[in-house]
Amino acid sequence: MSRTEAPPLPEPLRVPVADSHTHLDMQDATVEEGLARAAAVNVTTVIQVGCDVRGSRWAAETAAAHASVYAAVALHPNEAPRIVHGDPDGWSRQEARQPGGKAALDEALAEIDELAALDRVRGVGETGLDHFRTGPEGMAAQEESFRAHIEIAKRHGKALVIHDREAHGDVLRVLADAGAPERTVFHCYSGDAEMARICADAGYFMSFAGNVTFKNAQPLRDALAVAPIELVLVETDAPFLTPAPYRGRPNAPYLIPVTLRAMAEVKGVDEDTLASAINDNTARAFDY
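Residues numbered from 1 in each chain as written. Predicted model: local features only at pLDDT ≥ 70, side-chain atom pairs only at ≥ 80, totals over all residues. Heavy atoms only, no water.

(A) The overall build of the protein chain, seen in detail. Helix and strand counts for the protein chain stand at 10 helices and 8 strands. Its C-alpha atoms give the protein chain a radius of gyration of 18 Å, within 12% of the compact-globule value 19 Å for 288 residues. Seen through its principal axes, the protein chain has C-alpha atoms that stretch 50 × 40 × 35 Å. Residue burial in the protein chain is summarised as follows: out of 288 residues, 57% are buried. At a minimum sequence separation of 6, the contacts of the protein chain that also span at least 24 residues come to 72%. Accessible surface for the protein chain amounts to roughly 11900 Å². Of this, 51% is attributable to carbon and sulfur atoms. Charge centroids of the protein chain, computed over 27 positive and 43 negative side chains, lie 2 Å from each other. (Helix = DSSP H or I, 4+ residues; strand = E, 2+ residues; numbered from the N terminus. Rg over C-alpha atoms; globule rule 2.2 N^0.38 Å. Buried < 20%, exposed > 50% of the residue type's maximum accessible area, 1.4 Å probe, protein only. Contact = heavy atoms within 4.5 Å. Areas by Shrake-Rupley, 256 points an atom, 1.4 Å probe, with all protein chains shown as cover. Lys, Arg positive; Asp, Glu negative; His and termini not counted. Charge placed at Lys NZ, Arg CZ, Asp CG, Glu CD.)

Laid out in structure tokens, this is it:
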């Protein structure tokens, strides 16, 4: 089986569900093909997430053109330091960039602020902190950007979508200090059970991706087990984090049923119950 070959369509869900976080612009299929495949397995809504100004514009346009798509717009935590300090390697699917300093960051954030006002944009994210890919020199720009996104989300009454990679304590600190928006989603939840309890107490949504199915992901399953069902979402983060047994092959929204069935097992509920709860939760989180 080729590692580049798309996995087969899973058995459709009986209850419709939403993919709370996907990147259609990074997937091989056209938007129409991707949405049709998703609909064929009863994944009827997707949240298309932007990671930079260009991707956020695309997300907003795609949501405006497709009834089953809503958008989230942001500068990814790793994008903010690249804007400020430059990106000589062109790592982020863009050309090599010169340092732009604080003025360039402010300009990019102003555009995110404008996009966040649009009706089909229901989230501000993915934003947050990433201590895995950004070194100490980029931390200040990253946190400044995160705080700006929190303000944008609150100003427009949109959900805040958080990218938290190896930065749990700092993300929770900034949220507590700045004051989290009314609806806050931890995308690709990566904390442990103890952090899940902290998030639950704060009313934060926890969105689980395909990595919850990985053999080495017991801490994630423990977190899912204690997360209240009314705060649980499901996502693909496609084309990344393809669930087992297809790990390493391209991910897409139509694979949500694979992850959801694994999650139902962890939660000790039937898949219809979980799908129904997640569908309601996603609509509540993103206010659609």
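From this point on, the discussion continues.
(B) Geometry of the packing of aromatic side chains. The tally for this structure, following the rule as stated, stands at 3 aromatic pairs. Look at Y70 and Y288: their rings are 4.6 Å apart centre to centre, the planes differ by 15 degrees, and that puts the pair in the stacked class. Separated by 218 residues along the polypeptide, Y70 in strand β3 (residues 69–73) and Y288 in the segment after α10 (271–285) bring together distant segments of the chain. Note on Y189 and F208: the rings are 5.4 Å apart at their centroids and 45 degrees apart in plane angle, and the pair reads as tilted. Linking Y189 in the loop between β6 (184–186) and α7 (193–202) with F208 in strand β7 (residues 205–208), this pair joins segments that are 19 residues apart in sequence. Per residue, the accessibility class of Y189 equals that of F208, and both read buried. Cation over ring: R247 sits above F214, and NZ or CZ is 3.7 Å from the ring centre. (Phe/Tyr/Trp six-rings, centres within 6.5 Å; stacked < 30°, edge-to-face > 60°. Lys NZ or Arg CZ within 6 Å of the ring centre and 35° of its normal.)

(C) Local environment of the pairing of strand β5 (residues 159–165). Of all the 7 residues making up β5, 6 are buried; the element is thus mostly covered by neighbouring parts of the structure. The handedness of the strand β4 (residues 121–130) to β5 crossover, carried by helix α5 (residues 139–156), is right-handed. Where β5 lies against β6, 3 bridges are found, and the strand directions are parallel. Bridged to V161 within β6 is V185. In this fold, the crossover linking β5 to β6 by way of helix α6 (residues 168–178) has right-handed handedness. (Right-handed = clockwise from strand over helix to strand, strands pointing away. Pairing = 2+ DSSP bridges.)

(D) Quick peek at the pairing of strand β1 (residues 17–22). With respect to burial, β1 is a largely interior element, 6 of its 6 residues being buried. As for the winding sense of the linkage, the β-α-β connection from β1 through helix α1 (residues 31–40) to strand β2 (residues 43–49) is right-handed.

(E) Structural detail: the packing of helix α4 (residues 101–116) against α5. Relative to each other, α4 and α5 sit at 25 degrees, their axes nearing to 10 Å. Judged by the inter-axis angle, α4 sits roughly parallel to α5. Remark: the crossing between α4 and α5 carries right-handed chirality. Two secondary-structure elements touch here, α4 through K102, L105, D106, L109, I112, D113 and A116 and α5 through A141, E144, S145, A148, H149, I152, R155 and H156. Class assignment for the residues of the contact of α4 with α5 results in 7 nonpolar, 3 polar and 5 charged. (Axes fitted to C-alpha atoms, helices over the stretch in contact; angles between N-to-C directions. Parallel < 35°, antiparallel > 145°, perpendicular 65-115°, else oblique. Left-handed = near helix turned anticlockwise from the far one by under 90°. Nonpolar A, V, L, I, M, F, W, Y, C, P; charged D, E, K, R; others polar.)

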